[in-house]
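# Per-entry structural report
Listed below, chain by chain, are the residues.
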Amino acid sequence: MHVTVDRGVCVGAGLCALAAPRVFDQDEEGLVLVLQPRPSGQDRDAATEAVSLCPSRAARVSET
Ligand code: SF4
């Protein structure tokens, strides 16, 4: 799994960091940061959940 984000469309809702705090964080402006681009185990499941919650589709996962 590969986690990517588009900070240009992130609205700073923070749902990703709440759902997967070991994978996503937010900078001082609230914009998403990726802590683990290739999560495994529980972090992988959490990342998938976080992406499903992102209101702007800024956060995405792929299987590459
Ligand atoms: S949930 Fe989406 S819009 Fe909100 S901070 Fe995370 S990436 Fe940005």
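Nothing here was measured: the structure is a model prediction, and the numbers come from that model.

### Brief notes about the overall build of the chain
Check the secondary structure of the chain and you find two helices and four strands. Counting from the amino terminus, the chain carries its helices and strands in the arrangement β-α-β-β-α-β. In terms of overall dimensions, the chain is globule-like: its C-alpha atoms have a radius of gyration of 10 Å, near the 11 Å expected for 64 residues. In terms of overall dimensions, the chain has C-alpha extents of about 30 × 20 × 15 Å along its principal axes. By the burial criterion, 34% of the 64 residues in the chain qualify as buried.

### Details of the site of the ligand
With respect to spatial proximity, the complete set of residues near the ligand consists of Cys10, Val11, Gly12, Ala13, Gly14, Leu15, Cys16, Val32, Cys54, Pro55, Ser56 and Ala58. The residue makeup of the shell around the ligand, split by class, is nine nonpolar, three polar and no charged.

### Topic: a nonpolar patch on the surface
The grouping of Leu15, Leu18 and Leu53 at the surface amounts to a nonpolar patch, some 280 Å² of accessible area in total. Tracing the sequence through the fold places Leu53 in helix α2 (residues 42-53). Taking relative accessible area as the criterion, Leu53 reaches 36% and is therefore assigned partly exposed.

Quick notes on the rules
- Residues numbered from 1 in each chain as written.
- Predicted model: local features only at pLDDT ≥ 70, side-chain atom pairs only at ≥ 80, totals over all residues.
- Heavy atoms only, no water.
- Helix = DSSP H or I, 4+ residues; strand = E, 2+ residues; numbered from the N terminus.
- Rg over C-alpha atoms; globule rule 2.2 N^0.38 Å.
- Buried < 20%, exposed > 50% of the residue type's maximum accessible area, 1.4 Å probe, protein only.
- Near = heavy atom within 4 Å.
- Nonpolar A, V, L, I, M, F, W, Y, C, P; charged D, E, K, R; others polar.
- Patch = residues over 30% accessible without salt bridge, like charges linked within 9 Å, V, L, I, M, F, W, Y side chains within 5 Å.
- Areas by Shrake-Rupley, 256 points an atom, 1.4 Å probe, with all protein chains shown as cover.
- Salt bridge = Lys/Arg side-chain N within 4 Å of Asp/Glu carboxyl O.

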